[in-house]
Amino acid sequence: MVVACLALTTVQAQDSIPVLKIGFLSYDRALKAMPDYTLEQQKIADLRAEYDKELKRVEDEFNRKYEEFLDGQKDFPKTILYKRQTELKELMERNVAFKANSRRELAEAEKAAMAPLRQNLNELLAEIAKEYGLALILNTDADACPYIDPNMGVDIQEAVLQRVKEGRDEK
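Residue indices follow the written sequence of each chain, beginning from 1 at its first position. pLDDT decides what is reported in this predicted model: residues at 70 or higher carry local features, side-chain atom pairs at 80 or more are listed and counted, and totals for whole chains, interfaces and linings draw on all residues regardless. To obtain the side-chain values, all non-hydrogen atoms of the structure were used and water was disregarded.

K.L.:
Is there a simple way to explain the pattern of salt bridges in this structure?
P.N.:
By definition here, a salt bridge exists when the distance from a side-chain nitrogen of Lys or Arg to a carboxyl oxygen of Asp or Glu is within 4 Å. Enumeration according to the criterion identifies 14 salt bridges in this entry. In this structure, the salt-bridge partner of E87 is K83, at a minimum N-O distance of 2.7 Å. Placement of both E87 and K83 in helix α4 (residues 78-132) is noted, with a separation of four residues, approximately one turn of the helix. For R104, the salt bridge goes to E105, with nearest N and O atoms at 4.0 Å. Think of it in three bands: residues with accessible area under 20% of the maximum for their type are buried, residues over 50% are exposed, and the middle band is partly exposed, with areas taken using a 1.4 Å probe on protein chains only. On the basis of relative accessible area, R104 is assigned to the partly exposed category, the value being 41%. Each helix corresponds to a stretch of at least 4 residues labelled H or I by DSSP, and each strand to a stretch of at least 2 residues labelled E; elements are numbered beginning at the N terminus.

K.L.:
Which parts of the structure should I look at to understand the nonpolar core?
P.N.:
A general tendency of soluble globular proteins is for nonpolar side chains to be buried together. As used in this record, nonpolar core signifies buried Ala, Val, Leu, Ile, Met, Phe, Trp, Tyr and Cys residues forming a set joined through side-chain atoms within 4.5 Å. Counting residues in hydrophobic clusters, the biggest one holds 21 residues, and the most contacted among them are L31, L121, L125, I156 and V160. Looking at this core, the elements that each hand over two or more residues are α2 (27-32), α3 (37-72), α4 and α5 (157-170). Of the residues forming this core, the biggest block, eight residues, is contributed by α4. Discounting residues that sit within four places of it in the chain, L125 has contacts with L25, Y27, I137, I156 and V160. Contacts: residue pairs with any heavy atoms within 4.5 Å of one another.

K.L.:
I keep staring at the side chain of D141 and nothing clicks. Help me out?
P.N.:
Along the chain, the position of D141 falls in the loop between β2 (136-139) and β3 (153-155). Positive charges are assigned to Lys and Arg, negative charges to Asp and Glu, while His and the chain termini are left out of the count. An unpaired buried charge is present at D141: no salt bridge exists, and R118, the closest side chain of opposite charge, is 7.7 Å distant. D141 has contacts with S26, Y27 and D28, leaving out every residue within four places of it along the chain.

K.L.:
What should I look at first to understand α4 in this one?
P.N.:
Working note: α-helix, 3.6 residues per turn, so residues spaced by three or four point in the same direction. A helix is expected to span 1.5 Å multiplied by its residue count minus one. The terminal C-alpha atoms of α4 lie 78 Å apart, and with 55 residues this matches the ideal 81 Å at 1.5 Å per residue to within 8%. At A115, α4 shows its largest bend, some 35°, and a proline, P116, comes one to four positions later. Of the residues trailing α4, G133 is marked for its positive phi of about 70°. Two axes define the bend at a residue: one fitted to the seven residues ending there, one fitted to the seven starting there, and the bend is the angle between them.

K.L.:
Explanation requested: the sheet that holds β2 in the structure shown.
P.N.:
Working definition: the strands of a sheet are paired by backbone hydrogen bonds and lie parallel or antiparallel to each other. Strand order in the open sheet formed by three strands is β2-β1-β3, with parallel pairing between adjacent strands. Both edges of this open sheet fall to β2 and β3, since each of them pairs with a single strand only. The average angle at which neighbouring strand axes cross in this sheet is 30°, direction not considered. Only strands that DSSP links by at least two bridges are regarded as paired with each other. Pairing geometry for strand β1 (residues 22-25) and β2, over four bridges, is parallel. From the neighbouring strand, G23 faces β2, where its bridge partner is I137. Every axis in this analysis is a line fitted to C-alpha atoms, fitted for helices over the stretch in contact. Angles between the N-to-C directions lie between 0 and 180 degrees.

K.L.:
How should the packing of aromatic side chains be read in this particular structure?
P.N.:
Where two aromatic rings form a pair, the distance of their centres and the angle of their planes describe that pair. Think of it this way: a Phe, Tyr or Trp ring, Trp meaning its six-membered ring, pairs with another when their centres are within 6.5 Å, and the plane angle makes it stacked under 30 degrees, edge-to-face over 60, tilted otherwise. The final tally for this structure, using the stated rule, is two aromatic pairs. Between Y51 and F98, the ring centres sit 6.2 Å apart and the planes meet at 40°, which makes this aromatic pair tilted. With Y51 in helix α3 and F98 in helix α4, the pair connects residues that are 47 residues apart, well separated along the chain. Of the residues examined, F98 reaches a relative accessible area of 24% and is grouped as partly exposed. Plain terms: the ring middles of F62 and Y66 are 6.0 Å apart, the flat faces sit at 10° to each other, and that makes the pair stacked. Taken together, the positions of F62 and Y66, both in helix α3 and four residues apart, correspond to about one turn of that helix.

This is the structure we're talking about:
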């Protein structure tokens, strides 16, 4: 009799637990399908090209001055030799700092450019989650979820892409 009560309690407990439904998609694929994604990526590529151009210019300047230094070092008096070495060292340090700053600024620019797109996508995902009765949505990028039980998970990729496409068509 005790066994039957225990079994009944287990069944009742399982019946009272709500079943959670999860959605899943590739966030990157959805983001790349958004209307302004290509435009923002082009702006970032243009900015990167400007930084690359400036980096090339300062590298060429350094190389030119270094070659001049090498060509004349045997003829320079010690004070001029020291001065030129100091100038080259300072120029190299500025170039390294510029490279680091440009990487940081490019990363910040990309983050700022993508922020409105990510916000729009997150709002769209929240709408779809409510419509589908989903407790959460998993991002399957980078093999984050190698297995999702099809009885518990809903692939919302096509629904998201369709909504993104509809948003694109409205523009």
